[in-house]
Amino acid sequence: MSIQVHKKTPIFLINGEKSSYVFGWDAKFQALRHIYWDKRVSNVKDFEFLPLKELSANESEWDIMMEDYAPWGGRRYKTPCIKATFADGTRDIVFEFLKYEIRDNILTVYLKDRHYNFFITLYYQIIEKLDILSRWVEIENKESNDIIIENLYSAAFHVPEIGMDSTQVKGYWAGEQQLFTERLFPGRKIFESRKGTTSHNHSPYFILSKNATEYEGEVYFGVLAYSGNFKVSIDVSQYDITSVTLGINDFDFTYRLKPGEKFTAPKAYAGYSTEGFSDMSNRMNQFALEYILPKENSGKLRKILYNSWEATEFNISVDQQIKLAKIAAEIGIELFVVDDGWFGGRNSDSAGLGDWYPNKEKFPNSLSELIKKVNDLGMDFGIWVEPEMVSPDSNLYRLHPDWIYNFPNRDPTTARNQLVLNLTRDEVQEYLISALDKLLEENNIAFLKWDMNRPISEPGALNLDRIDQKSLWYRHTQAVFNIVGALRRNHPNVVFEGCSSGGGRVDYGALEHFDQFWTSDNTDALDRLYIQEGYSVMYPIKAMCAWVTDVPNCHTKKTTPLDFRFHCAMMGVLGLGINLLKCSEEELEMIKEKIKEYKEIRHVVQEGKLYRISSLRKSEIHVVQYVLDERESVFFAFLKGQKYISLPYQYTVKMKGLDPAVEYTITGKDSKYKKNGDYLMNVGINIYMIGDYQSQILKIQAK
Ligand code: GLA
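Quick caveat, the model's predicted, so the values are computed rather than measured.

1. Focus on the pairing of strand S23 (residues 380–385)
When you tally the buried positions in S23, you get five out of six residues, the bulk of the element. With helix H6 (residues 368–376) bridging strand S22 (residues 335–338) and its parallel neighbour S23, the resulting β-α-β unit is right-handed. Summarising the sheet, S23 and strand S26 (residues 447–450) pair through four bridges and their orientation is parallel. By the bridge assignment for S26, glycine 382 is matched with phenylalanine 447.

Laid out in structure tokens, this is it:
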């Protein structure tokens with residue numbers, strides 16, 4: 001049984017295949033005490049609450065204990081999960097345990113405030129085979145007055161240890177997903193976003209470890225399925241406990257829960273592993289593929305797209321796009337995407353956003369002329385939109401200058417010459433749904449790239465009561481997915497790509513609505529090795545779009561060989577952003593070959609396990625291996641730059657994830673040989689690379 005209860009207390013034991021999570025209601029302290037999160041234990045009856053005694057009047061038992069979900073109330077001074085103000089001014093919650101229920105691997109714990117009719121229901125669901133615990137919380141106001149929620153985190157997790165390492169990513173536009181690990185010392189460490197999207201800066205997850213490597217050691221991890229202002233707070237207490245709370249950011253947040261209203265906080269997914277970071281990533285990858293990605297497309301392999309954004313920017317025309325489409329079809333592209341610049345008066349980034357109809361000069365016969373051509377060439381057609389925005393120079397803004405976020409007596413600040421639409425207004429949502437619906441209805445569009453290129457500022461919404469203003473951040477996120485949801489319902493076959501100036505909206509909340517992400521505007525292949533490595537730690541490869549673009553790279557001015565660029569992009573969902581009109585016949589032939597090669601391996605890349613065998617962060621070479629069902633594998637190796645001239649150009653690399661007893665055929669560019677799985681994993685293979693920006697790819701196939 002995956003969920004057991006020791007009824008007297010009650011203590012709950014939630015078991016995955018390899019780990020256990022234990023907590024219970026301690027009537028003495030009126031608290032939901034956390035007991036255990038570690039290797040699997042079979043019998044709930046072996047667990048009990050350890051006695052707790054206050055050390056002094058300054059160290060309350062509630063601060064010393066680990067609470068699975070702590071209210072702010074009584075003598076608690078730690079990070080609480082929930083904080084509220086009742087109508088009479090009381091700012092204190094006291095939990096009362098009502099009952100529990102177990103159904104379909106979901107444990108539901110019903111709590112209420114001891115005095116007020118304020119109900120707090122906690123859910124725990126275990127996916128046994130992946131050892132992933134989902135947690136979420138629902139609150140309900142059955143009072144006759146409003147309750148103001150000031151803080152509502154989704155979950156708290158605890159490890160009764162100190163000296164742990166935290167792994168996160170830091171980043172910025174075109175420099176996302178840069179991994180770093182730091183030792184945690186007593187005090188509070190916060191990762192958050194205040195920008196309205198997840199942002200490029202940090203990711204809504206935590207990873208705690210002690211002496212762990214890619215393949216060994218204990219790792220505790222959890223992600224928040226929320227695509228807006230989030231907060232991850234890691235607290236190392238005075239009492240030698242490391243705790244994490246994660247949820248909607250409480251900065252500039254309040255939510256008025258009206259009588260009779262319910263509110264459900266975003267889900268948190270967590271896991272524990274004794275097999276290092278690789279096991280964590282592969283379990284989350286599988287979890288995303290099976291349970292999170294939109295069902296309509298999760299089972300389908302992602303198509304190879306062409307997008308001319310980097311090559312042409314706003315300077316597009318129907319004739320030029322048709323010329324590009326013809327070449328794209330010849331080299332094996334499956335999806336032809338028109339990016340920014342096709343609509344309204346959009347000739348630069350200073351106009352047009354909000355006017356979601358084709359630009360008459362660029363597309364005199366509407367989009368259908370191009371789409372028909374693209375379809376006749378055997379490709380799907382895709383298009384770019386940025387629905388949350390409006391340009392001051394647009395018909396939409398001239399018609400509805402009051403449709404933006406702003407404060408009275410303040411000038412709204414533009415960024416990239418654009419303002420953010422107030423999506424908390426029903427009529428704005430309705431306008432966007434109808435404009436985009438029309439676009440999808442009237443045109444054979446198979447792919448929509450949804451962009452968001454600036455954070456929210458001056459977060460005021462005149463349509464909301466004063467007391468509701470600080471719920472705006474949350475409402476905006478909900479509105480985005482409400483619109484996406486409506487479009488998906490009407491157009492179930494359309495693939496949605498999430499983008500926010502590259503990777504500013506990469507998270508498990510967005511992953512429920514977008515089939516794939518535009519990972520970064522940085523398409524420099526060397527930088528991408530780092531960005532993709534950081535991404536792969538928590539997010540599924542099937543959603544990681546990667547393009548091959550022109551050199552010198554438009555942002556970094558770096559020149560890398562075509563092979564290197566391809567091999568890097570082939571490690572994700574391959575796309576092409578090269579200006580095909582400038583390619584020589586020879587280059588087009590090479591590109592065609594590479595696209596063909598990707599088609600042979602993409603099922604392994606997009607659906608297999610991933611092993612980060614060697615990283616440029618720590619070594620001269622970068623090696624990533626993908627393995628599907630222990631039968632098929634693809635192995636990518638990169639050398640950044642030659643160092644010295646002697647031996648190092650021969651590298652011995654041990655493979656991962658194969659069946660030791662099976663014989664495999666290894667095929668490289670100029671080689672083909674057979675080896676047993678145990679040899680490949682224990683002895684390893686020798687790869688030869690010399691020079692700058694070298695790379696190679698090997699295919700490994702069970703006989
Ligand atoms: C953002 C995206 C790019 C491109 C441009 C268009 O920067 O990340 O991929 O779509 O907008 O303006």
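2. As for the nonpolar core
Phe336, Trp342, Tyr508, Met538, Leu576, Leu580 and Phe636 are the most contacted members of the largest nonpolar core, which has 127 residues in total. Examining the composition of this core, we find that eight residues originate from one element, helix H9 (residues 472–490), more than from any other. If near-sequence neighbours (up to four positions away) are discounted, phenylalanine 336 is found in contact with Tyr306, Gln321, Leu324, Ala325, Ala328, Val374, Met379, Asp380, Phe381 and Gly382. In terms of nonpolar packing, the next biggest core, distinct from the first, is built from 61 residues, Leu32, Tyr69, Leu107 and Tyr226 among them.

3. Structural notes on the site of the ligand
Around the ligand, 13 residues are found, and the nearest of them are Asp339, Asp340, Lys449, Gly502 and Asp521. One of the side-chain nitrogen or oxygen atoms of aspartate 451 is found 2.9 Å away from an oxygen atom of the ligand. Across the complex, the protein chains shield 96% of the 300 Å² of accessible surface that the ligand would expose by itself. In the shell around the ligand, the residues fall into four nonpolar, three polar and six charged.

4. With respect to the side chain of threonine 167
In this fold, threonine 167 is placed in strand S11 (residues 165–170). Among the polar contacts listed, one links the side chain of threonine 167 to the side chain of threonine 181, at a separation of 2.9 Å.

5. So, H6
Within H6 the residues assigned to the buried category are Leu370, Ile371 and Val374. Seen end-on, H6 carries its buried residues on one side only, within an arc spanning 95 degrees. Turned more than 90 degrees away from the buried face of H6 sit Lys372 and Asp376, all of them exposed. Elements that come into contact with the buried residues of H6 comprise helix H5 (318–331), S22 and S23. Backbone geometry just downstream of H6 places glycine 378 in the positive-phi region, at approximately 90 degrees.

Procedures and definitions
- Numbering of residues begins from 1 in every chain and follows the order in which that chain's sequence is written.
- Two thresholds apply to this predicted model, a pLDDT of at least 70 for residue-level local features and 80 or more for giving and counting side-chain atom pairs, whereas whole-chain, interface and lining totals are computed over all residues.
- No hydrogens and no water enter the side-chain calculation; it runs on all heavy atoms of the structure.
- Classification of residues uses two cut-offs on accessible area relative to the type maximum, computed with a 1.4 Å probe and protein chains only: under 20% is buried, over 50% is exposed, and between them is partly exposed.
- Secondary structure elements follow DSSP: runs of H or I no shorter than four residues count as helices, runs of E no shorter than two count as strands, and numbering proceeds from the N terminus.
- Seen with its strands pointing away from the viewer, a crossover is right-handed if its path from the first strand over the helix to the second goes clockwise.
- In this scheme, strands are said to pair when DSSP sees at least two bridges between them.
- Grouping buried Ala, Val, Leu, Ile, Met, Phe, Trp, Tyr and Cys residues that are joined through side-chain atoms within 4.5 Å yields what is termed a nonpolar core.
- Throughout, a contact is declared for two residues whenever any of their heavy atoms are within 4.5 Å.
- One heavy atom within 4 Å of a molecule or strand makes the whole residue count as near it.
- Think of a polar contact as two N or O atoms within 3.5 Å of one another; within protein, one of them needs to be a possible hydrogen donor and the other a possible acceptor, and neighboring residues in sequence only count if both atoms come from side chains.
- Residue exposure ignores everything except the shown protein chains as possible cover, and the areas themselves are Shrake-Rupley values with a 1.4 Å probe.
- When residues are sorted by character, Ala, Val, Leu, Ile, Met, Phe, Trp, Tyr, Cys and Pro go into the nonpolar class, Asp, Glu, Lys and Arg into the charged class, and all the rest, Gly among them, into the polar class.
- When we speak of the arc, we mean the arc of directions from the helix axis to the C-beta atoms.

That's the geometry; what it means functionally is another story.
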